Amino acid sequence: MNETTARTPRPRRTFSAFGEVRKMPSEYEIVTHGQNWTMRQNRPSAFEQNPSSPANLWFLTYRDQSPLQADDWEQFREPDSLTYRMYVNEQAEAETKIHGVLEEYAELGADRSLSPGWLATLGTLYTPSRYPVHGFQQVEAYIGYLAPTSYLTNPAGLSTADFLRRVTTIAYRTRELQLAHPESAIGTDQERRHWLEHEAWQPTRKAVESILATYDWGESFTALNLVLLPTLDDVLTRQFGEVALDNGDNVTWLLQSFLDADNQRRNRWSAAAAHFAIGSRAGSGPAIERWIRKWSPAADEAAAGLGTLLATLPEAPRAAHEVAGQAQAARQAFLSTVLGAPSGGTS
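Numbering of residues begins from 1 in every chain and follows the order in which that chain's sequence is written. Restriction of local features to residues with pLDDT of at least 70 applies here, the model being predicted, together with a cutoff of 80 or more for giving and counting side-chain atom pairs; totals for whole chains, interfaces and linings are based on all residues. Note: side-chain values were computed over all heavy atoms of the structure, leaving out hydrogens and water.

What to know about the overall build of the protein chain
When you go through the protein chain residue by residue, the secondary structure sums to 12 helices and zero strands. The linear arrangement of helices and strands in the protein chain, starting from the amino end, is α-α-α-α-α-α-α-α-α-α-α-α. Dimensions of the protein chain along its principal axes, counting C-alpha atoms only, are 90 × 40 × 40 Å. Using a 1.4 Å probe on the protein chains alone, a residue whose accessible area is under 20% of its type maximum counts as buried, one over 50% counts as exposed, and one in between counts as partly exposed. Out of the 347 residues belonging to the protein chain, those deemed buried represent 49%. We call two residues in contact whenever any of their non-hydrogen atoms come within 4.5 Å of each other. The contacts in the protein chain between residues at least 6 apart in sequence include a share of 77% that link residues at least 24 apart. Secondary structure elements follow DSSP: runs of H or I of four or more residues count as helices, runs of E of two or more count as strands, with numbering from the N terminus.

Here it is as structure tokens:
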């Protein structure tokens, strides 16, 4: 027969929301794709209420009209492809390691052997850090809430949980140190006064509070995930852990090393999201670069302020300019994966 026989279209499968795909979507895609109902097709507004309601105007102004855009956010995939089930299993294993370290060093009475200078460092830098980390948590939750796709809402939500885990670990250590050294004022209102009044903390407090009042979701994402966190994580996690080891505090070094895995996962999906937007819309790249230039000085000032604590309190210190320089270099190295060249701040 010369005539082409018309083929009857196959029935569409339950995953037809992905379009004409030839392979079965992954578990990650099935539970993530199209779950942001405020982005449903042909929607007059984000929420099913008056388009001029405060909530709808907020999403219209700070998400839908944000300079950070992509042609189709549903095509984004975060590198780790984490579902909630996978995340819980991974973090349960990670928490087992942390609990094991805490129990082992508690049995050894390691906290009682801490030197006076290092104890002062812990009470001035480490235990008050739960305040900025809680601020990071609030901003990350906002980013996830306004995100234009569940492919971003989910990793932002998991990063929010990471910050809660970090705050909990700091609080647990604060209580341990308080019991071992009741004379140190650790675990008292002094930590809050450090956060509110100590000169070294004020650039960080200013940066965190400024981002909390930054409503455009794209700028908030850039300021926190692409600028401030890659800078301060290098100070509060990597460098602080190294100085702890230099001062004989192995437990703090181990805890910071374990928690850094959360930071690296957040960096991966954040860099991927920014790279995706830059490749999708011409205006996204200039917007991100503009925000990086805006927020980098604040991040550098925050790192420099905290660097003075590592330079003046421990018996085995680290020069403040070295702390600030390494933090800036860490941010630039991270941003090079997003923009293709070092950005943000000058040497």
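Still to come is the rest of the account.
Examining the nonpolar core
Here, nonpolar core means buried Ala, Val, Leu, Ile, Met, Phe, Trp, Tyr and Cys residues that are tied together by side-chain atoms lying within 4.5 Å of each other. Within the largest apolar cluster, 69 residues are counted, with the highest numbers of intra-cluster contacts made by Phe136 and Phe221. Those elements giving two or more residues to this core turn out to be helix H4 (116-126), helix H5 (130-146), helix H6 (150-180), helix H8 (202-212), helix H9 (217-246), helix H10 (250-280), helix H11 (284-312) and helix H12 (320-339). Counting residues per element, this core draws most heavily on H9, at 14 residues. If sequence neighbours within four positions are ignored, phenylalanine 221 has contacts with Leu68, Ile143, Leu226, Trp269, Ser270, Ala273 and Ala274. Ranked by size, the runner-up nonpolar core spans seven residues in total, among them Val101, Leu102, Tyr105 and Val251.

Digging into the packing of aromatic side chains
Stacked, edge-to-face and tilted labels apply to pairs of Phe, Tyr and Trp rings (six-membered ring for Trp) whose centres lie within 6.5 Å, assigned for plane angles under 30 degrees, over 60, and everything in between, in that order. One pass over the full model with this rule turns up 17 aromatic pairs. Taking 5.6 Å as the distance between ring centres and 75° as the angle between the ring planes, the aromatic pair formed by tryptophan 37 and phenylalanine 47 counts as edge-to-face. Taken together, the positions of tryptophan 37 in the loop between helix H1 (27-32) and helix H2 (54-64) and phenylalanine 47 in the loop between H1 and H2 put the pair 10 residues apart, joining distant regions of the chain. Look at tryptophan 37 and you get partly exposed, because its relative accessible area is 47%. On the basis of an interplanar angle of 40° and a centroid distance of 6.1 Å, the ring pair of tryptophan 217 and phenylalanine 221 is categorised as tilted. Of the two residues, tryptophan 217 and phenylalanine 221 are both situated in helix H9; the distance of four residues between them amounts to about one turn of the helix. A residue is classified by how much of its surface remains accessible, and tryptophan 217, at 2% relative accessible area, is buried. Taken together, the ring pairs in this structure connect Trp73, Phe76, Trp217, Phe221, Trp269 and Phe276 into an aromatic cluster. Lying across the ring of tryptophan 291, arginine 290 places its NZ or CZ 5.8 Å from the centre. The rule is short: NZ of Lys or CZ of Arg within 6 Å of the ring centre and within 35 degrees of the ring normal puts a charge over the ring.

Details of the confidence of the model for the protein chain
Here pLDDT means the predictor's own confidence in every residue, given as a number from 0 to 100. Confidence in the prediction of the protein chain, expressed as mean pLDDT, is 92, and 91% of residues score 70 or more. A low-confidence stretch, residues 341-347 (pLDDT under 50), is modelled with 20 contacts involving residues beyond four sequence positions or located in other chains.

Some remarks on the side chain of glutamine 69
Relative to the elements of secondary structure, glutamine 69 occurs in the loop between H2 and helix H3 (84-108). Separated by 3.2 Å, the side chain of glutamine 69 and the backbone oxygen of arginine 63 make a polar contact. Polar side-chain contacts of glutamine 69 include one of 2.8 Å to the backbone oxygen of serine 66. Residues contacting glutamine 69, with those up to four places away along its chain left out, are Arg63, Asp64, Ala277, Arg281 and Ser284. A 3.5 Å cut-off defines polar contacts: any pair of N or O atoms within that distance qualifies, except that in protein one atom must be a possible hydrogen donor and the other a possible acceptor, and neighbouring residues in sequence count only when both atoms are side-chain atoms.

Re H11
Multiply 1.5 Å by the residue count of a helix minus one, and that product is the helix's expected span. Look at H11: 42 Å from first C-alpha to last across 29 residues, which is about the 42 Å you get at 1.5 Å a residue. At tryptophan 295, H11 shows its maximal kink, close to 35°; a proline, proline 297, follows between one and four residues later. Bend, at a single residue, is the angle you get between axes fitted to the 7 residues ending at that residue and the 7 residues starting at it.

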